[in-house]
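Chain by chain, the residues run as shown.
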Amino acid sequence: MPPDQVHDFELLRRIAGKDEAALQELYAIHGQRLYAFALRLTDDPAQAEDVVQDALVAVWNLADSYRCEGRPIAWLMGIVHHTALKSLRRRSTPLSEEDEANLAAADPLPEEQAQANQQAIWIRQGLRVLSPEHRTVLELVFYQGLSLQETAKVCGCPLGTVKSRLNYARQRLRGLLSRTEETR
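Anyway, here's the lowdown on the structure attached to this text. Each residue is numbered by its place in its chain's sequence as written, counting from 1. The predicted nature of this model means local features are confined to residues of pLDDT at least 70 and side-chain atom pairs, given and counted, to a pLDDT of 80 or more, with totals for whole chains, interfaces and linings taken over all residues. Each side-chain value is derived from all of the structure's non-hydrogen atoms; neither hydrogens nor water enter the calculation.

## Here we look at the overall build of the protein chain
(1) Moving on: Think of it this way: any DSSP run of H or I at least four residues long counts as a helix, any run of E at least two long counts as a strand, and we number them from the N terminus. Secondary structure assignment for the protein chain yields nine helices and zero strands.
(2) Moving on: Reading the protein chain from its N terminus to its C terminus gives the helix and strand order α-α-α-α-α-α-α-α-α.
(3) Moving on: Per-residue accessibility, obtained with a 1.4 Å probe over protein chains only, is compared with the maximum for each type, and a residue is labelled buried under 20%, exposed over 50%, and partly exposed between these values. Out of the 184 residues belonging to the protein chain, those deemed buried represent 38%.
(4) Moving on: Taking as baseline every contact in the protein chain between residues at least 6 positions apart, the subset at least 24 positions apart corresponds to 65%.
(5) Moving on: Only the protein chains shown count as covering a residue, and every accessible area follows the Shrake-Rupley method with a 1.4 Å probe. When the accessible surface of the protein chain is summed, it comes to about 10900 Å², and 51% of that surface belongs to carbon and sulfur atoms. For this analysis, residues touch if any pair of their heavy atoms sits within 4.5 Å.

See the structure below:
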């Protein structure tokens, strides 16, 4: 077992014993990664921060229920995933088209990076079209590096469903990006 996993197991054991320093250390190690995942799911920095905070409270309360099955990061991502989905369901007002356009136009881009940044914008817009379930699978597999089995465990669904969602999301994004390229 890799040393970082052993350390994570130990941190979770200490958190189960209500060691605040262990929770702070866990956040120092994984906080950015958890935030990036929450941000990709919510597409809102403030909401992503709230999701991570709520997830850390859940870790504090649930650490004694962690059974050391699988990688600790997969367990943590599962908590963030469920917390983000609850948060998205509570979101009362979706973004208007004007708000989305303003978000996309908010960052002025240097000329030499314009094409790469434009492609990133297209991908972000494509991800917004996907359901939270499809975005989550893409995020966990491609950005977080979880295996399909770990992703199934995080999402609480069968492996076949993860494969299906991943395939659908990839095809949908590919279609959106190819149509965008054709209009240039």
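## Section: the nonpolar core
(1) Moving on: The biggest cluster of nonpolar side chains holds 42 residues, and the ones touching the most others in it are Ile-15, Leu-26, Val-59, Met-77, Val-80, Leu-138 and Leu-140.
(2) Moving on: Those elements giving two or more residues to this core turn out to be helix H1 (3-16), helix H2 (20-42), helix H3 (45-62), helix H4 (72-90), helix H7 (132-143), helix H8 (148-155) and helix H9 (159-182).
(3) Moving on: Residues in contact with Leu-26, not counting those within four places in the same chain, are Leu-11, Leu-12, Ile-15, Gly-31, Val-59 and Leu-76. Residues enter a nonpolar core if they are buried and are Ala, Val, Leu, Ile, Met, Phe, Trp, Tyr or Cys, with the set joined through side-chain atoms within 4.5 Å.

## Side note on the pattern of salt bridges
(1) Moving on: Each salt bridge in this description consists of a side-chain nitrogen of Lys or Arg and a carboxyl oxygen of Asp or Glu lying within 4 Å of one another. Within this structure, the stated rule accounts for five salt bridges.
(2) Moving on: The shortest N-O distance in the salt bridge between Arg-14 and Glu-25 comes to 3.8 Å. Here the residue Arg-14 occupies a position in helix H1, and Glu-25 occupies one in helix H2, the gap between them amounting to eleven residues.
(3) Moving on: Among the ionic pairs, Glu-150 bridges to Arg-71, the shortest N-O distance being 2.7 Å. Of this pair, Glu-150 sits in helix H8 while Arg-71 sits in the loop between H3 and H4, placing them 79 residues apart in sequence.

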